[in-house]
Amino acid sequence: NGAAFSKARGSQSGQDSTRWHVVRKFLGLISSHNIPVYLIDPLILGLVDKDIAQIRSSPDGPSPHCKYFCAPRDFTTFALLDKTWKHEVGLFRTAEKMGFQWLKILNKDPRLDGMDDLSGMEIPLHYIFKLASHAIHLVVFYERSGNYLWHGPLRLKQHMDRKFVPFRKLHFGRYPGAYEKPELLHVSIDDLKVQIPKNPSSFLEEMSHSRFLECRYREARAFFQLYPDDASLDAVEFRKKAKSLLHLAALTLNNLGVKFWLSSGTCLGWYRQCNVIPHSKDVDLGIFIRDYKAEIIPAFQKAGLPLKHKFGKVHRYLELSFQGEDDVKLDIFFFYEEDDHIWNGGTQAKSGKKFKYLFPKFTLCWTEFVELKVHVPCETLQYVEANYGPDWKVPVKTWDWKSSPSNVQDNGVWPVDEWDDVIQIY
Amino acid sequence: MDEWKPNPAVKPHKKRSWYLAWKYKLMNQRALRKLCQTGAVLFLLVTVIVNIKLILDTRRAAYEEEEESAQDYDDEMLNVEVPRHPVNNKKVLDVEVYSSRSKVYVAVDGTTVLEDEAREQGRGIHVIVLNQATGHVMAKRVFDTYSPHEDEAMVLFLNMVARGRILIFTIKDEGSFHLKDTAKNVLKSLGSQVAPFLSWRDMWTFVGKKGGEVYGEKHAKSPALSTWGDPVLLKTEVHLTSVEDAECHWPDTELNRRRKRFCSKVEGYGSVCSCKDPTPIEFNPDPLKDNKVFDVPVAVIAGNRPNYLYRMLRSLLSAQGVNPQMITVFIDGYYEEPMDVVELFGLSGIQHTPISIKNARVSQHYKASLTATFNLFPDAKFAVVLEEDLDISVDFFSFLSQSIHLLEEDESLYCISAWNDQGYEHTAEDPSLLYRVETMPGLGWVLRKSLYKDELEPKWPTPEKLWDWDMWMRMPEQRKGRECIIPDISRSYHFGIVGLNMNGYFHEAYFKKHKFNTVPNVQLKNVESLRKDAYETEIHRLLGEAEVLDHSKDPCEDSFVPDTEGKIYVMFIRMEQEADFTTWTQLAKCLHIWDLDVRGNHKGLWRLFRKKNHFLVVGVPSSPYSSKKPSSVTPIYMEPPAKEEGAAAVPAVAAAEQT
């Protein structure tokens, strides 16, 4: 008998059995409405991860004592996939009958944000079910284009009860987040049957870098008002090729486990117009040099993208360029971290001149771009301004990578005897 | 937005409110004027201050939203909503109704709820329904009773309005020419004394409660055929009842809450709001076994025709295998009533700020709707596209479930459509039969995501191109020789007669007699034979079995086809090259099928039924099937009629219209 066990154990060890009871009631509530939720509470998953082998091996085994759900906390966090339930109001009525108070946090649907002037119904992003001194935070995840899951930020509207729960302590909701679709595992912990991510440690790792940035659709629309989009057949064709090249590059790098982000013109296109800039002629990615792997070149070649040139050395100025379909080029710049800045290098083939491009330090966020979940620098504005100067909002068709960027530094010439190594053109 | 030019077709309208001018002249007294001036200045001042504050607040709100401090969970949106004046603490409504040749208006408690002074529009009887407890406008209609049949529509509408509602009538221009006795009697039964004697160009206003008292009626007779009656202005008071009395007492369930919300807002939907025996709003049709389209999103494209949308959604939600969670209704504009209909059925709806005009607007609405559909359902490989003026066959999803794998596997396919352009009562016969056609019928169809994302979306016509989306999709640059699968008997029925490109005549001629499948669970025949190569084998088999008709007879005559059933016949017509449809068009005309442009062809072959026999038409020598023609047979040639003035213009215009 779980209740008896918990009461006895909980009181003996001075732990909070209220939490265990509330979680049990909540699980009863949602299973009576056939709603599949899974546990994403980072503190519990952290504990579970340590015992994961044992928990996996005895999915139904009784627990000797309450180890996970009895630590006194204000909340326990669960996730819900939006498409797995029908938003029946019956759930809330049952919840009330069981003594829960609940709060629903709605906001606009980001999947319609990029669209010209569509306004749908607001969608639920978070639910909070409170009973006695414990609350369940239910985070709603939505599938988005690019085959990933998204959860929204938690923002209170003015009329809402700010003291309903200590919102600032919540683990989810400060920022929107992006996640892979998790594989789930049915387990029994503390005599409660729950679903958890199959690999809790990788979920926790994912969680720590999950911050998501929405594209600035409103500003992009304003940009297109000023500078109408190029709708020519050439532009349509280029965008299509750039998109498929980016998809191929993302697939290749993700398979290698190499983290990358949108850089240069591709990043500018995302930030300024939420699309590929049709006159940009190539796709630009950035990779931290610490993530460099020798397999990158063969992997791209295997994917049908031959190496076009390789400049610099691994420990400085490395730059790779692959040949995509019909003259669309994939440029990969490697970034070197210093104490107070980050830089990448450039090399002019005919003169052996070296260039440095300096950026303020940045971290990486997820975003969605051409139906792909990709990284961009979180501090995008600083990144773009470093590269393109304060006038980045004005489209420029003639761009010289050696002189136009505002963060370029002339950095001498490669010694001639190194040219064969640092300037490889295919 | 600023760059868009207003529609040049709209003529600038002139105010014709001489009546009001005359009225104001009478009040032109000094003291009054001064008082008014002072009042106006004060009012202006207050308005300016309030507006400035509002602008500042909104700016601040927008700014703070942008700066959305991540440190804080507070949504700093300021509450800009000004608390509304409660309407219902007042028990009496002042109603003003004006009727004249060129302008009508209705004001309730000083708020104009109807104003129509547009030229060449809004002729006939305007009807407004008010909630008897709140005074809210629940329905607004205009029936052009100068034209035939509109009075029947009005009777239908008035019969659907619940007892106790307040009805307001006013005539603009002319409302009596086709106002028949039935309609006059209905108006009489509502308490109108004038209605039975309404005649040519009379002006008339009337306010009354359905099944209750009359609040006022005014009438001005037209003195002569060539002139209109004097404008009339009716001012009256209406006593409100309690909210309790104005509502039905249905059991308190989730469904009935939706119903209650709906029925207290809008009128004209008949039994759905009946207190005693309301019609269901949940249908629970039988599920489909092995439903391959259960997870396919359904986009319903709608405008502001809420009654159509209501009828459409009823039929859609009654179709076997429907999955309401996958349905999204896209409304072109911020119209409330269509959204009310969507919410009544518990579906999700999305509104679209109108961009561009007319056909381009429809086209942009389509694009936004399709893009949104694939955003909302990122896993979907297909989307079903429906319009608000379609009835959906009971086996619509069953039909798609049996055929959708073809669209996935056969790259030579462009779409699956529920509509057969040539499937009329007298030309369609077999619910289990499918065709391949080179045209794209629309009217209930399935779109492949890859086609949309890779090909159509990137080059969709921009708003300044005033193109029809469907005409554009039919262009060879888009279709690239691919074909659509259609059923012999359509799985959708086009009932709309009011629309951008629709009118009663057009509908009667081309849509009314369309055959529509009502048989559930039809097992489709030989679906695999619809694949590209298999279909050729199938056609050759049919042509091999077909009996050649007597080419010396007139193909328009009924006797051209023998009085048999279940046989296959073939005829050969002249078709010099791929685009030569001279004879086909004449044949289509005399067979009373779609002749406005060429539809339903497959490599110079048309398939239909005549007298329950399969009837094949082959265009010689252009069609590859010409080899099946016996050498003794001379292909039939039918000459187009000599061009009369105007005659050719009608089909040309109509053909360009979206159907």
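Residue positions are counted from 1 within each chain, in the order its sequence is given. Chains and ligands are labelled sequentially in the order written, the chains with letters from A and the ligands with numbers from 1. Where totals are concerned, whole chains, interfaces and linings use all residues; where local detail is concerned, this predicted model gives features only for residues with pLDDT of at least 70, and gives and counts side-chain atom pairs only at 80 or more. Hydrogen atoms and water are omitted, and side-chain values are computed over all heavy atoms in the structure.

Enquirer: Describe the state of the cysteines, naming the residues involved and giving the relevant values.
Expert: Two cysteine sulfur atoms form a disulfide, by the criterion used here, when they sit within 2.5 Å. Within the structure shown, the criterion is met by seven disulfides over all chains. At a sulfur-sulfur separation of 2.2 Å, the disulfide partner of C215(A) is C274(A). On the sign convention where negative means left-handed, the S-S torsion of about -110° between C215(A) and C274(A) marks this disulfide as left-handed. Linking C215(A) in the loop between α6 (200-208) and α7 (217-226) with C274(A) in the loop between α9 (264-273) and β12 (282-288), this pair joins segments that are 59 residues apart in sequence. Buried, partly exposed and exposed residues are distinguished by accessible area as a fraction of the type maximum, computed with a 1.4 Å probe on protein chains only: under 20%, between the cut-offs, and over 50%, respectively. Look at C215(A) and you get buried, because its relative accessible area is 7%. The side chain of C248(B) participates in a disulfide bridge whose partner is C275(B); the two sulfur atoms lie 1.8 Å from each other. Numbering goes from the N terminus for both helices and strands, where a helix is a DSSP run of H or I of at least four residues and a strand is a run of E of at least two.

Enquirer: Account for the UniProt feature "domain: ILEI/PANDER" (unreviewed entry) in chain B, with residues named and values stated.
Expert: As annotated by UniProt and renumbered to match this structure, "domain: ILEI/PANDER" (unreviewed entry) occupies residues 123-212 of chain B. Helix and strand shares over residues 123-212 of chain B are 22% and 31% respectively, and the end C-alpha atoms of the span are 28 Å apart. UniProt positions are given in the numbering used here, feature names are shortened, and annotations may be inferred rather than shown by experiment.

Enquirer: Can you lay out the domain arrangement of chain B for me, pointing to particular residues and giving the numbers?
Expert: Domain limits in this description derive from either an automatic procedure or a database domain assignment. According to the domain assignment, chain B contains domain 1 (92-245), domain 2 (298-527) and domain 3 (531-628). Domain 1 of chain B and domain 3 of chain B are separated by 54 Å when their C-alpha centres are compared.

Enquirer: Please give an account of the nonpolar core that cites residues and values.
Expert: The biggest cluster of nonpolar side chains holds 117 residues, and the ones touching the most others in it are V300(B), L313(B), L316(B) and W584(B). The two domains that each donate at least three residues to this core are domain 2 (298-527) and domain 3 (531-628) of chain B. Every residue pair with non-hydrogen atoms within 4.5 Å of one another is taken to be in contact. Aside from chain neighbours lying at most four places away, what touches L316(B) is V298(B), V300(B), V322(B), I327(B), L386(B), I392(B) and F397(B). Grouping buried Ala, Val, Leu, Ile, Met, Phe, Trp, Tyr and Cys residues that are joined through side-chain atoms within 4.5 Å yields what is termed a nonpolar core. Counting 67 residues, the second largest nonpolar core, distinct from the first, contains A250(A), I332(A), L364(A) and F369(A).

Enquirer: Just give me the short version of helix α7 (residues 306-318) of chain B, but keep the residues and values in it.
Expert: The end-to-end C-alpha separation of α7(B) is 18 Å, in line with the 18 Å expected for 13 residues at 1.5 Å each. The secondary structure elements touched by the buried residues of α7(B) are β10 (298-302), β11 (327-332), α8 (336-344), β13 (382-387), β14 (390-392) and α10 (396-409) of chain B. Expected helix span is given by 1.5 Å per residue-to-residue step, counting one fewer step than there are residues.

Enquirer: Outline the UniProt feature "domain: LicD/FKTN/FKRP nucleotidyltransferase" (unreviewed entry) in chain A, supporting the account with residue identities and numerical values.
Expert: The sites that UniProt annotates as "domain: LicD/FKTN/FKRP nucleotidyltransferase" (unreviewed entry) are residues 257-294 of chain A. A distance of 12 Å separates the end C-alpha atoms of residues 257-294 of chain A, which is 26% helix and 24% strand.

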